Amino acid sequence: MLVRKPLRPAEARAADPRSPPSVRRPKGPAWLRHAVFYEIYPQSFLDTNGDGIGDLPGIIRKLDYIASLGCNAIWINPCWLSPFGDAGYDVADFCRVAPRYGTNADLRRLFREARRRGLRVCLDLVAGHTSVEHPWFKASAQPGKNPQTNWYVWNSSVWEDVPDLATVQGFSARDGRYVANFFHFQPALNFGFARPDPRKPWQLPVDHPDVLRVRAEMKRIMRYWLDAGADGFRVDMASSLVKRDPGYQQTMAWWREVRAMCDRDYPDAALISEWSSPRHAIAAGFHVDFLIHFNGLAYTTLFRHERSRDIFGVRARYGHSFFDRSGRGSVAEFLRTYLRHYRLTRRTGYISIPSGNHDIGRLSEGRTVAELKVIFTFLLTLPGVPCIYYGDEIGLRHVHGLPSKEGGYGRTGARTPMQWTGGRNAGFSTGSRHRLYLPIDPKAGRPTVETQLNDPESLLHHVRRLLRLRAESPALGGDEDFLPLGATSRYRPLVYLRRKGAERFLVAINPARTEHELLLRIRTKSVAGCVGSGVSVEISGSGLRLRMRGVSHGVFRLIP
Ligand code: GLC
Ligand code: CA
């Protein structure tokens, strides 16, 4: 059994003599070493008042479930006041919970209830832009000068094009175009230009007083939630802040300031980035970076090469995924990129390879439970910080053919309600079916937590077993050695060691339907299987003989 210590209250953290700010902790809060995150899209998790939309009391009600999986941290997508043009990534008030989710008091209660169970709670910080409904932007869009005039990036004429930035013209009576970070209603906050064009005085330098005000405001927002009991932030589009910033030099410099603030005042708070370039993000001061579906293909080549044609940013241009039973994919591209980032960052931060997220197709698309088990064995034995997207632990399916909801487009099908039971609305909501945020997966045999809890062979139990093993085995922790054993550009199973001192685990992953046999030059007295199916290991001469059936996986303890 896993015993979780209750965490310390937020107020006590900064003053805690066990983590004095003078001690250099290059990798940040110690809890990250053993962190396993669970991402919650709040709209779709659990609705407790029958309005068809998930809410904070719903998350509170399911904290025991999350802890029972073996996760010990949560990241919640934005839950702030918003017109929800982009599912809440268009924030209208950074310090106010959207009424549809509850109140600020509910969020504080969530922090407390999570802490009682040993769970950390990270919030989503949309640092680079707001909604057009945000009062700052409303002021900024006025033609007359006011304190917010320069808080967003406006040029000086609606007729003037800005070649390398996306702009919106004609929004208000202010004569100028504003720079949009994502959708047109997400105006970029003004973090300045690293190389402002001297002929364009509207491009403010990074040390302009108004830019400094925006930056100070963002820090104030972070402090507000950290003081309220949050354990950190997942930062949206973290690399997007400073414009015309080759090599991200100025963007990184700003995040380093934020990191210094955290090291000094909130040493237990985690900074997690959506950057998808760990070597940049961690040099910028983040503790964790998601290596995901943009800035290169590494992540995509693992899971979604062929399958996600219509999903955000992912195009099936480059052949097959490694985790396809066809065996026509390769893990080489992933390993090349991953190991490059890993070697550059392992002493200073963590990489997270998530099971999915709210922006990409569901992992379960086109896959059997046996195949998903192979994937989870891989994901949950990697170093760094694993992250499970809600529902992936039961193989929640991608629901096709839905009209776009809240700016989801192709992402919408990966955001449908969690399926808890076989009852009404799959236990997601007691409200009318027609009011649900999104329809529940209509297909027969849809997975639920209830059925999988009753089936020891379910994906859910597999995930629990893996996370228990991870928690009990120092060598499987986020910090410990990761040693891949020969992967080539051709299809090959993936075999690696995890190691801490004398403790070693061998992990064997064969997603393909073909059998494979490998001889490994590894000396050990005996071998004990821990989790998995279809792989056998035998000591042979001076090494190990590994026999892997089609679609097989195994984690073995090597006993010296
Ligand atoms: C990030 C979020 C995505 C959002 C976008 C704009 O990529 O994950 O959901 O639409 O930023 O904020
Ligand atoms: Ca609700």
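As a reminder, the structure under discussion sits directly above these lines.
Okay, so let's go over this structure. (Residues numbered from 1 in each chain as written. Chains lettered and ligands numbered in written order. Predicted model: local features only at pLDDT ≥ 70, side-chain atom pairs only at ≥ 80, totals over all residues. Heavy atoms only, no water.)

1. Some details on the coordination of the calcium ion (ligand 2)
The calcium ion (ligand 2) binds to the protein through Asp47 (OD), Asn49 (OD1), Asp51 (OD), Ile53 (O) and Asp55 (OD), with metal-donor distances spanning 2.3 to 2.4 Å. In terms of primary sequence, the donors binding the calcium ion (ligand 2) are separated according to D-x1-N-x1-D-x1-I-x1-D. (Donors = N, O, S within 2.8 Å, 3.2 Å for Na, K, Ca; no water.)

2. Points about the site of ligand 1
Close to ligand 1 lie 13 residues; Asp86, Asp236, Glu274, His358 and Asp359 are nearest. In this structure, His358 approaches ligand 1 through a side-chain N or O atom, which is 2.8 Å from an oxygen atom. Protein coverage of the free-state accessible area of ligand 1, which is 310 Å², stands at 98%. Of the residues assigned to the shell around ligand 1, the class counts are 3 nonpolar, 3 polar and 7 charged. (Near = heavy atom within 4 Å. Polar contact = N/O pair within 3.5 Å; in protein donor to acceptor, adjacent residues only side chain to side chain. Areas by Shrake-Rupley, 256 points an atom, 1.4 Å probe, with all protein chains shown as cover. Nonpolar A, V, L, I, M, F, W, Y, C, P; charged D, E, K, R; others polar.)

3. A short note on empty space enclosed by the protein
Tallying each qualifying case throughout the model produces 4 cavities of 30 Å³ or more. The computed volume of the largest cavity comes to approximately 60 Å³. Every residue lining the largest cavity is counted, 13 residues in all, and those nearest its centre are Tyr342, Arg346, Gly349, Gly384 and Gly478. Elements with a contribution of two residues or more to the lining of the largest cavity: helix 10 (332–345) and strand 11 (350–352). Of all the elements, helix 10 adds the most residues to the lining of the largest cavity, at 3 residues. (1 Å grid on protein atoms, 1.4 Å probe; cavity = no way out; pocket = protein on both sides within 12 Å on 5 of 7 lines; lining within 4 Å. Points joined across faces, edges and corners; volume = space filled by probe spheres on them. Helix = DSSP H or I, 4+ residues; strand = E, 2+ residues; numbered from the N terminus.)

4. A few points about the pattern of salt bridges
Across all of its chains, the model carries 38 salt bridges by this definition. Here Lys219 ties to Glu257 by a salt bridge, and the two come within 3.1 Å at their closest N and O atoms. You can see Lys219 sitting in helix 6 (residues 209–228) and its partner Glu257 sitting in helix 7 (residues 249–265), a full 38 residues away along the chain. The partner of Arg367 in a salt bridge is Asp324, with the nearest N and O atoms 3.6 Å apart. Taken together, the positions of Arg367 in the loop between strand 11 and helix 11 (369–379) and Asp324 in the loop between helix 9 (298–303) and helix 10 put the pair 43 residues apart, joining distant regions of the chain. Considered together, Arg367 and Asp324 belong to a single accessibility category, that of buried residues. Connected through shared salt-bridge partners, Asp64, Glu113, Arg116 and Arg117 make up one network. (Salt bridge = Lys/Arg side-chain N within 4 Å of Asp/Glu carboxyl O. Buried < 20%, exposed > 50% of the residue type's maximum accessible area, 1.4 Å probe, protein only.)

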